[in-house]
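Per-entry structural report
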Amino acid sequence: MAYKVEIVSFAFSVLVCAIPKVSYSQGQDSDPENTLDFLEMGESLKGLTYKVQVGSFSAPRFHDVFELEENEEGYLWTFGEFESLPEASEKRDSLSDYFPDAWVSFYLNEEKATYKEIDSAVQSHLAQSKLALKEGLEWIESAGYLPELRYKVQVGSHRRPVSVLGFSSEEYEGKHLLLFGEFVDYHEALEARDSLTKIGFPDSWVSFYLSGDRADLVAVNDYIKGNFVQTEIPEVQVAESSDESIIQALDNKLSADTEKSFLKKLLYFEAERKIYSIALYFIIIFFGTTISLIMVLISHRRSVEMAKARKKVYQRKIDDFLSSLLLEDDLTDELLDKKLQKFKTKIPFDRNWCKELLIKNIVDLKKNFKGEMADMFITIYLKLELLSYTERLINDSSWYVKTKGIFHFQELGYAEGLPLIKPYTDSSNDFLRNVAIIAYISLDEKDPLAIFNNYNGQIDKIDELKILDTIKKSKIKVPKNIILWLKSDNESLVSLTLKMVTYFNHAEAGPTVIELLDHHSSKIRKEAIGACGKLFLVTAEEKLLEKFVSETEDNQIEILRTLRTIGSYLTNFFLEKLLEQNHSREVKIETMITLKELGSEVYEQNFDDKSELGLIKLHVENPYIK
């Protein structure tokens, strides 16, 4: 940035030249360098006035127009009292026709003063003004954003209006100014000025604007002091002895203030450098971490791919070995042991993933064989000491790892593992408990469903389907306590038992199923309603008709579907009345379907196609009509 370059060059000038020349007229007209220039520009000074002297006399002479003054040399005639030298000079010129020797006299604090006294006062004033302007610039540079203060870069002043693309123009004191931008930060304005200087506007400078109006640095200085600064600008005490003492005092003050300004800028630059260093540090850490993470991910992906390829190689070896055992004609225990021990040296048997591959292949092959061949795979499983691996899984602290071990026993059909599985059928972990129950049912050959005696755990819908599928595959017979389970307080067990009752077609459970039509749970009542139809419990018809009005809409629809199986003339009569009542469209559609299934005469009636019942009948005849 431009102001960084200024700081570096400024520091170099301080170190080499000790006292650099600093311009304090940024945005101002050129300051007068001597007393006469200051006076001729019409500048005012506190206590300084001017009079036109037209004559001097040794004795007093009074006049109606001129004022008579007395001094050490005699008596004077003076005219007027003016605040500026140009005004007094103009009056002197007007009197020169009558008084060719008229001249302007200086008065300081109402006393006539010599030019040397005036020069001393003016130089003191100029020194104080320079210090004030310098401090004003320092305040602007360090203040940052000031609410009412704005900056524009002036690139030219013209007698006529000008228009240049990218620049603005305004009229000020009869001149047309060409301006660039409007900035709220002084440093940004300086950067814009430097850039414009480089591209062909060498006389560019920064102008100040207060509340939208153009202002000089003095006004800006007063604004900052009045609103944001609590200290006053120190005055420079200038001795009246000589011009050299004034210049020396001014140089000393400028040198001290320059060093302070340099230190302030240098500290600002150092703070900014630290911020950049910290930002760079975090950027390096971020990119370093990102690159490291990418390398780790690539390495991990590569290792995963290599592991997959390695597993495929050993998968093929395991398949070939197990297949070769199937082709052996006389495979004694002794020969099998030798082959297994030799095979273990060809694979990384100590690795868990290798043991998982072996168990998976043994399970897959066992499912395709029965009898002695199936038993041979159990023998291989035991001789390879994979049982201890499975037991270690089941005894692991992680419930997920336990389920893997239980699954090994279930898939292998290893009933000897039931004592290890049984404790987990009462586990507080729902997933682990349901996996253990399914494995226990599939392995226990005596009374597998006895596990539900006094069962208090929850069984979700998915596990219900898995348990029923296991019952079908294992061809389990009707359990002795199935009716007692229907009376359980465990709703999930009652729901599962109702499905078992319909699967076993256990008609002896019919009275208990009908009793469940009064159960407090609408879900159990719905299961019981469906079970009445699947068990063909005609004795439940009257109760279903009685319960219809008080049931939920879902259960009403389930009752209508059940009545299609067990309904009689009572159902026909009930449904005829039901069509006339105010029920939902879904209920009326199921009612019309039930009447059709029962062969009701009501269904055969001719309904008006535009009536609700006519439209419902059309929908029943053709479900694609809505």
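Residues numbered from 1 in each chain as written. Predicted model: local features only at pLDDT ≥ 70, side-chain atom pairs only at ≥ 80, totals over all residues. Heavy atoms only, no water.

Attention shifts here to the overall build of the protein chain. In terms of helices and strands, the protein chain carries 25 helices and 10 strands. Per-residue burial for the protein chain yields a buried fraction of 42% across its 626 residues. Across the protein chain, contacts joining residues at least 24 apart in sequence account for 64% of those joining residues at least 6 apart. Of the accessible surface of the protein chain, which amounts to about 37500 Å², a share of 53% is contributed by carbon and sulfur atoms. (Helix = DSSP H or I, 4+ residues; strand = E, 2+ residues; numbered from the N terminus. Buried < 20%, exposed > 50% of the residue type's maximum accessible area, 1.4 Å probe, protein only. Contact = heavy atoms within 4.5 Å. Areas by Shrake-Rupley, 256 points an atom, 1.4 Å probe, with all protein chains shown as cover.)

Another aspect to go through is the sheet that holds strand β1 (residues 48–57). The sheet built from 5 strands is open, its strands ordered β2-β3-β1-β4-β5 with antiparallel pairing. Of all the strands in the sheet, the pair left with one neighbour each is β2 (67–71) and β5 (111–113). Direction aside, neighbouring strands of the sheet carry axes that sit 50 degrees apart on average. (Pairing = 2+ DSSP bridges. Axes fitted to C-alpha atoms, helices over the stretch in contact; angles between N-to-C directions.)

Time to look at the side chain of K588. Along the polypeptide, K588 turns up in helix α23 (residues 585–598). For K588, the contacting residues outside a window of four places in its chain are L579, Q581, H583, E612 and I616.

Judged by side-chain charge, E67, E81, E83, E87, E90, E110 and E111 come together as a negatively charged surface patch. Here E87 falls in the partly exposed class, since its relative accessible area comes to 39%. (Patch = residues over 30% accessible without salt bridge, like charges linked within 9 Å, V, L, I, M, F, W, Y side chains within 5 Å. Salt bridge = Lys/Arg side-chain N within 4 Å of Asp/Glu carboxyl O. Lys, Arg positive; Asp, Glu negative; His and termini not counted. Charge placed at Lys NZ, Arg CZ, Asp CG, Glu CD.)

On average, residues of the protein chain score 81 in pLDDT, and 87% of them reach the 70 mark or higher. When mean pLDDT is compared element by element in the protein chain, helix α19 (residues 522–534) scores highest at 94, while helix α1 (residues 2–17) scores lowest at 35. Across residues 1–30 the pLDDT falls below 50, and counting only partners more than four positions away or on other chains, this stretch makes 55 contacts in the model. For the stretch residues 230–241, pLDDT sits under 50, and the model shows 20 contacts to residues farther than four places along the chain or on other chains. (pLDDT = per-residue confidence, 0-100.)

A few words now on the environment of E40. Of note, E40 is situated in helix α2 (residues 35–40). For the pair formed by E40 and L85, sequence separation is 45 residues and the distance between their alpha carbons is 6.0 Å. With sequence-adjacent residues up to four places away left out, E40 is seen in contact with L85 and P86.

This paragraph deals with helix α15 (residues 461–474). Across its 14 residues, α15 extends 20 Å between first and last C-alpha, which sits within 8% of the 20 Å expected from 1.5 Å per residue. Those residues of α15 not exposed but buried are D463, E464, I467, L468, T470 and I471. Taken down its axis, α15 places every buried residue within 155 degrees of arc, on the same side. α15 presents K461, I462, L465 and K473 as exposed residues on the side facing more than 90 degrees away from its buried surface. The inward-facing, buried residues of α15 abut α14 (430–443) and α17 (491–504). Phi turns positive, to about 55 degrees, at K475, one or two residues after α15. (Expected span 1.5 Å × (residues − 1). Arc of directions from axis to C-beta.)

The next subject is the sheet that holds strand β8 (residues 175–183). The 5 strands are arranged β7-β8-β6-β9-β10 in an open sheet whose pairing can be described as antiparallel. Each having just a single partner strand, β7 (168–172) and β10 (213–215) make up the two edges of the open sheet. Taking the axes of each pair of neighbouring strands and ignoring which way they run, one obtains an average angle of 50 degrees across the sheet. Two elements, β7 and β8, share 5 bridges in a ladder whose sense is antiparallel. Within β8, the residue paired with E171 across the bridge is H176. Packing against the sheet, helix α5 (residues 186–198) makes contact with β6 (149–158), β8 and β9 (205–210), and its axis sits at approximately 20 degrees to β6.

Right, let's get into the pairing of β6. The buried count for β6 comes to 7 of 10 residues, which makes it a mostly enclosed element. Where β6 meets β9, 6 bridges bridge the pair, whose relative direction is antiparallel. What sits directly across from K152, in β9, is S207. Here 6 bridges tie β6 to β8, and the two strands are oriented antiparallel to one another. Among the inter-strand pairings, S157 is bridged to a residue of β8, identified as L177.

A few words now on the nonpolar core. The biggest cluster of nonpolar side chains holds 99 residues, and the ones touching the most others in it are I380, F452, I467, M500 and V513. In terms of residue count, the dominant contributor to this core is α14 (9 residues). The contacts of F452, once residues within four sequence positions are left out, are I437, I441, I459, I467, W485, L493, L496 and M500. Formed by 23 residues, the second largest nonpolar core is a distinct cluster that contains L146, L149, F183 and L190. (Core = buried A, V, L, I, M, F, W, Y, C linked by side-chain atoms within 4.5 Å.)

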